[in-house]
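# Examining the three-dimensional arrangement
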Amino acid sequence: MKHCQVQPSHPLRHLIQRLSIGSWFGRAALVWALIASAGAQAGVLHIEGRWAEDGSLQVAYRPPEGVQVLQLTHKPELQVWWARNVAPADACTTLDGSTIRLAMGCRQATIKVTPGLLAANAQYEPAQPVGPGGATSGVLFHLGAYVAPLAHHGLRWVWTPPEGGHVLWQGRWLAHAMTVDLPAEAVNTALAKRDGRQGPWLQHLQADQMVYLGRAPSQAFAQGRLVADERLDDARHGVILETLNRSTTRLTDVYGVGLVGSAGVVVALSDRPGFHGDTDGARMMRLRVPQRATANDSAWLRGFVAHEAVHWWNMGRFSTDHEDPWLHEGHAEWMATLLGLEQGWLTLEDVQAAVSRAVGACVDGTFNQTRAEMANQRGSLTYQCGLTLMLVAQARHHQRHASGEPVAQLATLHQGHPHLSRERLAAWAGQADLRDLLLSSEAPLGPGLQAQLQQLGLAEVRTLSESELSPQDSRTWLAALMRSDCQGVSFYGFDHEVRLAPNEGMQCASWPTVGALQRIEGQPVFGALVSADVALRRACTAGRVYRLGFADGSEQAVACPTSLPPAPRMQTLAIQADMLRRWLVAK
Ligand SMILES: [Zn+2]
């Protein structure tokens, strides 16, 4: 395969060089250059992208006459990635952070984007590689990274697939370029609603969406098109396809409404552990799965795919409160759990274990935190407390309306109320204390949820000895300690250590950014959590530093935080299997 490196040079010379190569890209460049020379349509910013044969994503900006500077609307987290992965593609283009400048006399600026993952848990990847690279690969990208809205001007998006390849956008699978035109009013509306988030204001520009370009293998499924990394093994491919078909069929059934159009799913493999994915408002789904399959992948993968499929309804077909992500995340988690139990990929024991993990982590993690404090963080508590809340809310609803299969019963939450909010959930659950916890309480969330679970007979409090503390307890404690030093928490959790992997742009005062962390003050956090906690407190109250200990035997001294994380709770909530069985398993 011929590779065509794009270097800044005089546009005309560039064009001649490319033509002499005679590659596809040379011909495409000619067509492109001819379009460019025709001049921009007055009052419209054209943003046009294509996948180049060298595996890069090339995005060209053609502003209306008189406009020479474009401002991308990046989130701060994107800056480091952007500086590393994006470069000007020609002499017409200057890139200064998220500002694009056109050289004098130029009508178009072009950037070259080298695909690469942004972060372990990034929402909306700016250019995620799909495939190992080379001719049969492709790229999936979130338009929020590329939009540069110009007030009082229209916006035209054009995405062109490579020869022999496809574009997948808004669930449409096409072998030719796809164009969307937005009027100036839409751009003005978006700018008027613009805030610091990657959220709803982008919808007016259709920039909350993901686009795929490339030649990765694909196949049709009941609701649309599935594109997968060619390295994905048949077993996992089959699991994904089957779960998509089964969950969407069942969700269409219980909601009484299907998707408004065809859907698109893109599966990318990566060398990072764990699964990650998201959906957009235009029925696209991104799934990142680890390169190597492991033994218990199948149930995880099914739950992960079902979770994302639920978002097609709770965030796509219906709407949600973006200020309260634990509602739609918890709803997706809990609905996927109920689907798993109903469809048979989870046993009741699996559900009990999953509920125990989520409830334990949520109650421990929010024992001193209010609902508002929890909702302001985006992390694992979003999912764990979200699931706990949905479980409690449905159990309360069930006390008054004990009818229907659990999946169908949960679907009634949206019946006649397409917007998911705390008010709606409180009304559906119909219980005064839960309503108070959701709407007005300034009391800590954990004890409130614990009381609910106890009243419902779903959980009993049990006192623990140190040896009974779980790896999850250790991870929760370490997360609180990391949060006391860093702007957030980002690590891969294992049962004997955590591997630090801070998100782009995350700052820590004195913690390192990498390392397999196992000990605090010489005490193993996994196995002797209480001793580690006591040693930490001893060091910090004596005004000393404390030591992080890593798997390779190294130690690093770090400064004590102004306030120490809470000591591990020597209590657990034991989920009562009998209650779950009576409620969730069909008689
Ligand atoms: Zn989700």
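Here we summarise the structure given alongside this text. These numbers were taken from a predicted model, which means no experiment stands behind them.

### Focus: the side chain of Asp533
Structurally, Asp533 is set in helix α16 (residues 529-541). Assessed through its relative accessible area of 5%, Asp533 is described here as buried. Look past the residues within four positions of Asp533 in its chain and what remains in contact with it is Trp477, Pro566, Ala567 and Pro568.

### Focus on the sheet that holds strand β6 (residues 99-102)
Taken in spatial order, the three strands of this open sheet run β3-β6-β5, and their pairing is antiparallel. The open sheet is flanked by β3 (69-71) and β5 (93-96), the only strands paired with a single partner. The sheet shows a mean angle of 20° between the axes of neighbouring strands, direction not considered. Strand direction decides the pairing type here: β5 and β6, joined by four bridges, are antiparallel. Residue pairing for β6: Leu95 is matched across the bridge by Ile100.

### As for the coordination of the zinc ion
Angles between donor atoms at a metal ideally measure 109.5 degrees for a four-coordinate tetrahedral arrangement and either 90 or 180 degrees for a six-coordinate octahedral one. With distances of 2.0 to 2.1 Å, the protein atoms coordinating the zinc ion are His307 (NE2), His311 (NE2) and Glu329 (OE). When the donor residues of the zinc ion are listed from N- to C-terminus, their spacing reads H-x3-H-x17-E. Of this pair, His307 sits in helix α6 (residues 297-317) while Glu329 is found in helix α7 (residues 325-343), placing the two residues 22 residues apart along the sequence. We note that His307, like Glu329, is buried.

### What to know about the packing of aromatic side chains
All chains considered together, the criterion is met by nine aromatic pairs. Here Trp82 and Tyr146 contribute two aromatic rings whose centre-to-centre distance is 5.7 Å and whose plane-to-plane angle is 50°, an arrangement assigned as tilted. Taken together, the positions of Trp82 in helix α3 (residues 79-85) and Tyr146 in the loop between β9 (138-142) and β10 (154-160) put the pair 64 residues apart, joining distant regions of the chain. Overall, Trp82 belongs to the buried group, its relative accessible area being 2%. Aromatic ring contacts, followed pair by pair, group Trp81, Trp82, Phe141, Tyr146, Trp157 and Trp159 into a single cluster. A cation sits over an aromatic face here: Arg499 above Phe494, 3.7 Å from the ring centre. We note Arg569 situated over the ring of Phe367; from NZ or CZ to the ring centre the distance is 3.8 Å.

### Remarks on the side chain of Asp90
Relative to the elements of secondary structure, Asp90 occurs in the loop between β4 (86-88) and β5. Given a relative accessible area of 14%, Asp90 falls into the buried group. Side chain to side chain, Asp90 and Thr93 meet in a polar contact 2.7 Å long.

Conventions used here
Residues numbered from 1 in each chain as written. Predicted model: local features only at pLDDT ≥ 70, side-chain atom pairs only at ≥ 80, totals over all residues. Heavy atoms only, no water. Helix = DSSP H or I, 4+ residues; strand = E, 2+ residues; numbered from the N terminus. Buried < 20%, exposed > 50% of the residue type's maximum accessible area, 1.4 Å probe, protein only. Contact = heavy atoms within 4.5 Å. Pairing = 2+ DSSP bridges. Axes fitted to C-alpha atoms, helices over the stretch in contact; angles between N-to-C directions. Donors = N, O, S within 2.8 Å, 3.2 Å for Na, K, Ca; no water. Phe/Tyr/Trp six-rings, centres within 6.5 Å; stacked < 30°, edge-to-face > 60°. Lys NZ or Arg CZ within 6 Å of the ring centre and 35° of its normal. Polar contact = N/O pair within 3.5 Å; in protein donor to acceptor, adjacent residues only side chain to side chain.

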